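# Per-entry structural report
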Amino acid sequence: MTSTAAALLQDRLGLTDDELLAALGADPLELIGGDLDHKPQLPLLLTLTEDAAERAGEGVLKRWLRASGRHGRPIDLLTAQDYGAFEDALEDLRERGFVVRASGR
């Protein structure tokens, strides 16, 4: 995997540099050097998010990533490297769409 693949994931999800590094469990030198072959997370995350980006659109995907849902905020799941819960949240997005809830008052 290359830093180009990481840049694609970063752009697709609207991640900051720090969020991308946390999601991949990588350090800046690995990312800059494209030394991510030992990081199976990158191709997995690209595959998982590709369908969601096509169906919902990248703008919606970026908003969804920071919204609270049944599994919490997807960005928090991703940066905690809880890929199973992140995949579950993506499945909810696929099945239910992007659901905006009113805050409880």
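So, here's what we can say about the structure. (Residues numbered from 1 in each chain as written. Predicted model: local features only at pLDDT ≥ 70, side-chain atom pairs only at ≥ 80, totals over all residues. Heavy atoms only, no water.)

### Considerations on the packing of aromatic side chains
How two aromatic rings sit relative to each other is set out by the distance from centre to centre and by the angle between their planes. According to the stated counting rule, one finds 1 aromatic pair in the structure shown. Arranged with centres 5.9 Å apart and planes meeting at 55°, the rings of tryptophan 64 and phenylalanine 86 form a pair that is tilted. Taken together, the residues span a long stretch of sequence, with tryptophan 64 in helix H5 (residues 58-65) and phenylalanine 86 in helix H7 (residues 83-96) at a distance of 22 residues. Looking at tryptophan 64, the relative accessible area reads 8%, which means it is buried. (Phe/Tyr/Trp six-rings, centres within 6.5 Å; stacked < 30°, edge-to-face > 60°. Helix = DSSP H or I, 4+ residues; strand = E, 2+ residues; numbered from the N terminus. Buried < 20%, exposed > 50% of the residue type's maximum accessible area, 1.4 Å probe, protein only.)

### So, unusual backbone geometry
Despite not being glycine, glutamine 81 shows a phi value in the positive range, around 60°. Looking at where glutamine 81 falls in the secondary structure, it is placed in the loop between helix H6 (74-79) and H7. Among the residues examined, glutamine 81 registers a relative accessible area of 34% and is labelled partly exposed.

### Quick word on the pattern of salt bridges
All told, the structure shown has 5 salt bridges when counted by the stated rule. One salt bridge in this structure joins arginine 70 and aspartate 92, with 3.0 Å as the shortest N-O distance. Placement of the pair is arginine 70 in the loop between H5 and H6 and aspartate 92 in helix H7, with a sequence separation of 22 residues. Since its relative accessible area comes to 56%, arginine 70 is described here as exposed. Aspartate 92 sits in the buried class, given a relative accessible area of 12%. (Salt bridge = Lys/Arg side-chain N within 4 Å of Asp/Glu carboxyl O.)

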